[in-house]
Amino acid sequence: NAVIQTMQSLIAVGASPQCITDCLCFGNPEKPEQMWALVESIRGLKTACESLTLYEYPGAATPIIAGNVSLYNESKQGAIPASPMISGVGRLAHIRQATTPILKQVGSLLVMVGERRDECGGSVWYQLHGELGANLPRPDLAILNREHQAVIHAISQGWILSAKAIHLGGVAVALARMSFGSGCGISAQITGPDIAKALLTESPGFILEVHPQQLDILNQYFVQSGVEAELIGQVTDECQLELNGHNWAIDTLYHAWQQGLRQRW
């Protein structure tokens, strides 16, 4: 999931991931359970990089070009949580292809790539409630790789006006952040057996802003690429986020996002 988040952050600005580097922060590897966590993390990095291939060289694994470790991170309370921190480098063919997460125009459509699953474990939602949760995101890497390649191509073709990777806070936070500074609002509907989990799960994915005239060609390409995408809403001229029939003023959401840390201090 750390590798995926790094790659999707690159892809959302129009870049194709080229490599990653890691900093592995763990506890005392002389303790069996800590050594196990370190070994499993390395195996996870290897599996992700082998499965999420390079856009320019289909089938070629994403290389890990550098890294370092920080071990024996413990106190009297025990070891720190296993913490693989990932950085990545992406390639942007031309600066004109760069995109941003800020909504561009009223009337454009919002398309979601990436299924919303009951995977709230380890999420911000649980953290705010002092819990951990059980269902961590377990993405299908083959499906995810197709999604990555398709979104990279769509942005390079100029079909996408803005893009945002779905990470911390889930699709609800992703939509709110796309509206900040845009002067636009959003009207969207997210489906799922449990709406709260569908809105807040941190299963990987993307929100794409698309001009209505580009929707058909985008859908056709996604179908050809074996990628499922869902039309979830549109950009409006009202400065509010309307999500599944509930409304929030954009200014209120922006204030909470900007001042949240100060309010908790």
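Since we're looking at a predicted model, the values are computed, not measured.

This brings us to the overall build of the chain. Secondary structure summary: the chain contains 8 helices and 12 strands in total. A compact globule built from 265 residues should have a C-alpha radius of gyration of about 18 Å, and the chain, at 19 Å, falls within 12% of that. Out of the 265 residues belonging to the chain, those deemed buried represent 42%. Sequence separation of at least 24 residues holds for 82% of the intrachain contacts in the chain that already meet a minimum separation of 6. Surface summary for the chain: the accessible area is close to 14,100 Å², and the carbon and sulfur share equals 54%.

Note that His153 resides in helix H4 (residues 141–156). Among the polar contacts made by the side chain of His153, one reaches the side chain of Tyr55 at a distance of 3.2 Å. If near-sequence neighbours (up to four positions away) are discounted, His153 is found in contact with Tyr55, Trp159 and Tyr221.

Applying the stated criterion to the full structure yields 7 salt bridges. Glu40 serves as the salt-bridge partner of Arg43, at 2.9 Å between the closest nitrogen and oxygen. Of the two residues, Arg43 and Glu40 are both situated in helix H2 (residues 32–51); the distance of 3 residues between them amounts to about one turn of the helix. When the shortest N-O distance is used, the salt bridge between Glu56 and Arg91 registers 3.9 Å. You can see Glu56 sitting in the loop between H2 and strand E2 (64–70) and its partner Arg91 sitting in strand E5 (residues 83–91), a full 35 residues away along the chain. Classification of Arg91 as partly exposed rests on a relative accessible area of 46%. Beyond isolated ion pairs, a larger network of salt bridges with shared partners links Glu115, Arg117 and Glu119.

With that out of the way, let us pick up the pairing of strand E1 (residues 16–25). Burial of E1 is extensive: 8 of the 10 residues sit out of reach of the surface. Where E1 and E5 come together, 9 bridges link them in antiparallel fashion. Bridge pairing links Leu24 to Pro84 in E5. Across 6 bridges, E1 lies against E2 in parallel orientation. Counterpart to Ile20 in the pairing with E2 is Ile64. At this point the chain moves from E1, through H2, to the parallel E2, and the crossover so formed is right-handed.

So, how was this worked out
- Residues numbered from 1 in each chain as written.
- Predicted model: local features only at pLDDT ≥ 70, side-chain atom pairs only at ≥ 80, totals over all residues.
- Heavy atoms only, no water.
- Helix = DSSP H or I, 4+ residues; strand = E, 2+ residues; numbered from the N terminus.
- Rg over C-alpha atoms; globule rule 2.2 N^0.38 Å.
- Buried < 20%, exposed > 50% of the residue type's maximum accessible area, 1.4 Å probe, protein only.
- Contact = heavy atoms within 4.5 Å.
- Areas by Shrake-Rupley, 256 points an atom, 1.4 Å probe, with all protein chains shown as cover.
- Polar contact = N/O pair within 3.5 Å; in protein donor to acceptor, adjacent residues only side chain to side chain.
- Salt bridge = Lys/Arg side-chain N within 4 Å of Asp/Glu carboxyl O.
- Pairing = 2+ DSSP bridges.
- Right-handed = clockwise from strand over helix to strand, strands pointing away.

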